[in-house]
Amino acid sequence: MDYLEIQGGNKLQGTVKIDGAKNAALPLIAATILAKKPLTIYNLPAVNDIFTMLTLLENLGASYTYENNQVHIDATTINNTTAIYDIVRKMRASILTLGPLLARFGICEVSLPGGCAIGQRPIDLHLKALEMMGAQIEIKQGYVIAKAPDGLRGATIVFDKITVTGTENIVMAAALAKGTSTIINAAKEPEVVQLCEVLQDAGVHIEGIGSDELVIEGTNQELINIKDFTVIPDRIEAGTYLCAGAITNSAITLEKVNHAHLVSIILKLQEMGYDFEIEKEKITIKPASRIKALKFSTTEYPGFPTDMQAQFMALSLIADGTSTIEERLFENRFMHVSELNRMGADITLNNHIATIEGNAKLYGADVMATDLRASSALVLAGLIATGTTKVHRIYHLDRGYVKLEEKLQKLGAKIKRLRE
Ligand code: UD1
């Protein structure tokens, strides 16, 4: 197994190119199940989750060729509607095949994704919405078995909670349903917006894109003409590199970003005292003279993303004062706290609120990555710790960050990938 070894204490400088958004690409790959002809997706990030999704589609009967961040995919040949446990267990987002498979074939079996380090993560809202659209659903031997022999029909769905992949699943299902679907309390994340735009470009009539109410006209099981497209930049990867600049109090520039997607992150960093230069597709973060403590809650887009909570917790360690972070979306998304404390941090937890003492003196240690974003927080802490930090179990990182160590090396960090 690989691990990362980091010598802390270096300033960073230079430029880093941001890859395509994993969380946009995953539903978009699933959406190719709805396509009537092969297509090419550009700017795919070369991370393990993407290859898992491609393998899942291949297992269903699709074929693809991947080269240089682009994939040519033909899902017209899908002839199997079972998303097997062996693939689904590697990535919860495999559940994104449920909506499009059921909409196209009227039947499918998708293994239930289990819980994960950050909490239980049920899919009840996905299932309830599909039932509203006429699906019969049972859970048997760890599989969701869904049937809609006469196809799905449009319905009005009110999500009790805002769910990103839930909204995406139902948008894809509604695209091929019979009649009009209205999704109330829909997620507004840029990744949901891109999915809607790609489907709209394929001829599906969708109103309310980017709002919390989507109205979708289904095609009554007619496959759609999805055109080639380019995946949007990864706002979480971008946010993580902004934190790398911030925690080392260095000036670095990010290229290929969409700063409109980064507003809540940039505002928090400005509140802490950092300066920015923003140009088209480029952001430069500049050092702060005094780094102020923060108080914030994670929430749905356009609020502050839960996927940036761990990185900002690492950053709060160098603030002048005490910060508090409330995690509102996932009950157990604080696995990085005990690892950061092993490096000398003073973070206390009270249910879903973390209190972080600033002006921390961190020392390198062996730490364990527990989930994707928690892993990047440990790397950030390693960049400023005295001595050597070894971050183990980095397969979590490889699920979502493209060549993290190479990009950080290019910025001047002393970091290398080694084998246990
Ligand atoms: C997506 C992102 C993930 C991000 C999260 C929140 C992808 C592939 N993953 O995950 O990186 O952290 O959004 O921004 O895009 N819930 C239910 N029942 C459901 C569905 C969700 O109770 O059926 C709850 C969840 O447990 C959680 C909240 O709703 O508390 C939001 O989860 P959701 O938006 O669904 O997260 P994901 O789509 O899984």
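Preceding this section is the structure that the text describes.
Within any chain, residue numbers begin from 1 and follow the written order of that chain's sequence. Under the rules for a predicted model, residues below a pLDDT of 70 receive no local features and side-chain atom pairs below 80 are neither given nor counted, while totals for whole chains, interfaces and linings still include all residues. The basis for every side-chain value is the complete set of heavy atoms in the structure, and neither hydrogens nor water enter the calculation.

**Student:** I tried to follow the overall build of the protein chain on my own but got confused; where do I start?
**Tutor:** Strands here are runs of E lasting at least two residues and helices are runs of H or I lasting at least four, both read from the DSSP assignment and numbered beginning at the N terminus. Helices and strands together make up the secondary structure of the protein chain, namely 14 helices and 24 strands. In terms of C-alpha radius of gyration, the protein chain reaches 21 Å, essentially the compact-globule figure of 22 Å for 420 residues. Only protein chains enter the accessibility calculation, which uses a 1.4 Å probe. A residue is then buried if its area is under 20% of the maximum for its type, exposed if over 50%, and partly exposed in between. A total of 420 residues make up the protein chain; the buried ones form 56% of that total. Excluding contacts between residues fewer than 6 apart, the proportion of contacts in the protein chain whose partners are at least 24 apart in sequence is 73%. We treat Lys and Arg as the positive residues and Asp and Glu as the negative residues; His and chain ends play no part in the count. Every charge is mapped to an atom, namely NZ of Lys, CZ of Arg, CG of Asp or CD of Glu. Positive and negative charge centroids in the protein chain, built from 42 and 48 side chains respectively, lie 3 Å apart. The globule rule is 2.2 Å times the number of residues to the power 0.38, and the radius of gyration it is compared with is taken over C-alpha atoms. Any two residues having at least one pair of non-hydrogen atoms within 4.5 Å are treated as being in contact.

**Student:** Sorry if this is basic, but what is going on with the environment of T52 here?
**Tutor:** Among the structural elements, T52 can be located in helix 2 (residues 48–60). Considered as a pair, T52 and L26 are 26 residues apart in the sequence and their alpha carbons are 9.5 Å apart. Residues contacting T52, with those up to four places away along its chain left out, are I87, K90 and M91.

**Student:** Would you mind going over the side chain of K407 with me for this structure?
**Tutor:** Along the chain, the position of K407 falls in helix 14 (residues 404–410). If sequence neighbours within four positions are ignored, K407 has contacts with V16, K17, I18, D19, E237, Y241 and V402.

**Student:** Sorry if this is basic, but what is going on with the layout of surface pockets here?
**Tutor:** Gaps left between atoms are located by rolling a probe of water-molecule size over the structure's atoms. Grid spacing is 1 Å over the protein atoms alone, the probe is 1.4 Å, and a cavity is where that probe fits but cannot get out, while a pocket is an open set with protein on both sides within 12 Å along at least five of seven lines and lining residues have an atom within 4 Å of a point. Grid points are joined across faces, edges and corners, and a volume is the space filled by probe spheres set on the points. Approximately 260 Å³ is the volume found for the second largest pocket. Around the second largest pocket sit T15, V16, K17, D19, A46, N69, E255, V402, K403, E406, K407 and K410, which together line it. The set of elements that each furnish at least two residues to the lining of the second largest pocket consists of strand 2 (14–17) and helix 14. Note that Gly is not counted as nonpolar here; it falls among the polar residues with everything else outside the nonpolar set of Ala, Val, Leu, Ile, Met, Phe, Trp, Tyr, Cys and Pro and the charged set of Asp, Glu, Lys and Arg. For the lining of the second largest pocket, the per-class residue count stands at three nonpolar, two polar and seven charged.

**Student:** Before we go on, may I ask you to explain the site of the ligand in this structure?
**Tutor:** In the neighbourhood of the ligand, 18 residues make up the surrounding shell, with D124, T163, T165, D307 and L329 lying closest. Two N or O atoms form a polar contact when they lie within 3.5 Å of each other; inside protein one atom must be a possible hydrogen donor and the other a possible acceptor, and for residues adjacent in sequence the pair counts only when both atoms belong to side chains. The separation between an oxygen atom of the ligand and a polar main-chain atom of P122 is 3.3 Å. Separating a nitrogen atom of the ligand from a side-chain N or O atom of D124 is a distance of 2.7 Å. Using the Shrake-Rupley algorithm and a 1.4 Å probe, accessible areas are obtained, with residue cover drawn only from the displayed protein chains. Within the complex, 88% of the 740 Å² of free accessible area of the ligand lies under protein. Secondary-structure elements contributing two or more residues to the shell around the ligand are helix 5 (124–132) and helix 6 (164–175). When residues of the shell around the ligand are assigned to their parent elements, the largest contribution, three residues, is made by helix 5. Residue classes in the shell around the ligand are distributed as eight nonpolar, five polar and five charged. Near is defined per residue: the residue qualifies when any heavy atom it owns lies within 4 Å of the molecule or strand.

**Student:** What am I meant to see in the pairing of strand 13 (residues 213–217) here?
**Tutor:** Looking along a regular strand, one sees side chains alternate from face to face of the sheet. Burial along strand 13 is one-sided: the face carrying L214 and I216 is buried and the face carrying E213, V215 and E217 is not. Strand pairing is assigned whenever DSSP identifies at least 2 bridges connecting the two strands. Alignment of strand 11 (residues 180–184) against strand 13, held across five bridges, turns out to be antiparallel. The residue of strand 13 that forms the bridge with T180 is E217. The sheet contact formed by strand 12 (residues 205–207) and strand 13 spans three bridges and is antiparallel. Bridge pairing in strand 13 links H205 to E217. Taking the residues that link successive antiparallel strands as the turn, the strand 12-strand 13 hairpin has five residues, and the phi of G208 there is positive, at about 85°.

**Student:** It is not clear to me how the packing of aromatic side chains should be interpreted in this structure. Could you clarify?
**Tutor:** In this description, an aromatic ring pair is defined by two values, namely the gap between the centres and the angle between the planes. Each pair of aromatic rings taken from Phe, Tyr and Trp, with Trp reduced to its six-membered ring, is defined by centres within 6.5 Å and is described as stacked if the planes are under 30 degrees apart, edge-to-face if over 60, and tilted in the remaining cases. Enumeration according to the criterion identifies four aromatic pairs in this entry. With a centroid separation of 5.0 Å and an interplanar angle of 80°, the aromatic rings of F51 and Y66 are classed as edge-to-face. With F51 in helix 2 and Y66 in strand 4 (residues 63–67), this residue pair connects regions lying 15 residues apart in the sequence. Look at F51 and you get partly exposed, because its relative accessible area is 28%. By relative accessible area, Y66 is classed as partly exposed at 25%. Ring centres 5.9 Å apart and planes at 85° place the aromatic pair F296 and F312 in the edge-to-face group. Taken together, the residues F296 in strand 18 (residues 295–297) and F312 in helix 10 (residues 309–316) connect sequence positions 16 residues apart. Among the residues examined, F296 registers a relative accessible area of 7% and is labelled buried.

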